[in-house]
Amino acid sequence: MKCVDDFRWRIGKKELLPIMIGGMGVDISTAELSLVAARLGGIGHISDAMVPTVSDRRFKTRFVKEKQKKYKYNVLNRDKSDVKFDLEQLALATKLHVGRTMEAKQGEGLIFINCMEKLTMGNPRETLRVRLSAAMDGGIDGITLSAGLHLGSLALVEDHPRFRDVKFGIIVSSLRALVLFLHKSARLNRLPDYIVVEGPLAGGHLGFGMDWAQYDLKTIVNDVHRHLAQKGLDIPVIPAGGIFTGTDAVEFLEAGAAAVQVATRFTVTKECGLPDKAKQEYFRAEEEDIEVNLISPTGYPMRMLRNSPPIGAGIRPNCEAYGYLLDGSGNCAYIDAYNRELDKHPDGANISVRDKTCLCTHMRNYDCWTCGHYTYRLKDTTRRLPDGSYQILDAEHVIRDYQYSVDHQIALPEGYRHHCAAGAKAVEVLSDRD
């Protein structure tokens, strides 16, 4: 019986453990988490979501305060079109985040950055160009394009000196989206280096409508494999969404996947950026506590815990400090929803916005508890402590469990030994079940 360790992803001159930790923002997939993945020979992601905010936390910069001070006059104005990002500061924040992470990297693995197209920041084209260029300047190994079709993204940086060296990948949730991207990027003679196919059980924003339950990851992956074969394209395919055990991963690897992308099980690790209080909420969640809703201003459905503080909150938009979802005209769906409720309650009291949420502020505060479908199974991956809380895991423990487990077994903390057939040789691996 095979385990994940029997497979390797050959990318360029490297042979990698075929495990990629997905890019979770805002700084939920931290540098520390990505560094563990790289040290163990896999791939870790950091995220460039709200990277000036992340830089302020990590490196004591003052990007958010300076922006807030500059636009303080506009705080009570419903019109946010005046609010702009300083692109030099945006580049510096990105280079700081990427550069410091890459300086700390050890091992043979790689570190990628997740870049969301929907972070439009009042100037979609130029902010995206800056983010991509600065990540390459910072030495990133690869860039995963997410949350959008990215039809023109590569063209924005085709003149960058590292354009042909950095690995570029794209996240899609349908064959149609992939075909559109491949057609658009064909003129650059630059195919993606990998394709992440994200299914309907993934966490956070979904590339589906509210009919997400009618779709199946294996079916979409098979469609992508078939299309690539018909076109004679040798592009690695990486399934994502609902891959909860090493055995789940092996099923895709045996079917031709180059690697798998996983994230949910890493939300409750010590290296994850979520506060411990939020991690306990994830552990306690039952299946009925997880919902897919439309409260994200991006327009995408979003899977999250139904007791997340942003649901129904009516906080004032703080675009002067954040504003990462402002479009080119300074609009955001939450601003519209908030102003609608403000018209009903002119004194600003007792405002509740049910249909949208201020994603920037809530993500900055780690209050938006987005999650994968199988979050309710996290309690089965650890031990319950005498005080009723759950033991938080090490990222290395989770990676090793994916790497060596068989028969859908999940290793608990402390003391269990199991065996994995690595090729023809049985390898004894320390894992954690009594």
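Please read these numbers as outputs of a predicted model, since none were measured by experiment.

Q: I tried to follow the side chain of Asp401 on my own but got confused; where do I start?
A: Its location among the elements puts Asp401 in helix H13 (residues 395-404). Dropping the residues within four chain positions of it, Asp401 is found in contact with Arg265, Gln409, Ile410 and Ala411.

Q: I keep staring at the sheet that holds strand S9 (residues 204-205) and nothing clicks. Help me out?
A: Consider a sheet: its strands pair through backbone hydrogen bonds, and that pairing is either parallel or antiparallel. Taken in spatial order, the three strands make up an open sheet running S9-S13-S12, and their pairing is antiparallel. Of all strands in the sheet, those bounded by a partner on one side alone are S9 and strand S12 (290-293). Across four bridges, S12 lies against strand S13 (residues 302-305) in antiparallel orientation. Within the sheet, the bridge partner assigned to Glu291 lies in S13 and is Met304.

Q: Teacher, can you tell me more about the packing of helix H2 (residues 51-59) against helix H3 (residues 63-70) here?
A: Interhelical geometry of H2 versus H3 gives an angle of 125° and a closest axis separation of 7 Å. In terms of their interaxial angle, H2 and H3 are classed as oblique. On H3, the residues touching Pro52, Thr53, Ser55 and Asp56 of H2 are Phe63, Val64 and Lys65.

Q: Sorry, what's going on with the environment of Met20 here?
A: Position of Met20 relative to the elements: it lies in strand S3 (residues 19-21). When its relative accessible area of 0% is taken as the criterion, Met20 is described as buried. In sequence terms Met20 and Ala263 are 243 residues apart; their C-alpha atoms lie 8.4 Å from each other. In this structure, Met20 is in contact with Trp9, Ile43, His45, Phe112, Tyr194, Val196, Ile238, Val260, Gln261 and Val262, ignoring residues within four places of it in sequence.

The rules behind each value
Residues numbered from 1 in each chain as written. Predicted model: local features only at pLDDT ≥ 70, side-chain atom pairs only at ≥ 80, totals over all residues. Heavy atoms only, no water. Helix = DSSP H or I, 4+ residues; strand = E, 2+ residues; numbered from the N terminus. Contact = heavy atoms within 4.5 Å. Pairing = 2+ DSSP bridges. Axes fitted to C-alpha atoms, helices over the stretch in contact; angles between N-to-C directions. Parallel < 35°, antiparallel > 145°, perpendicular 65-115°, else oblique. Buried < 20%, exposed > 50% of the residue type's maximum accessible area, 1.4 Å probe, protein only.

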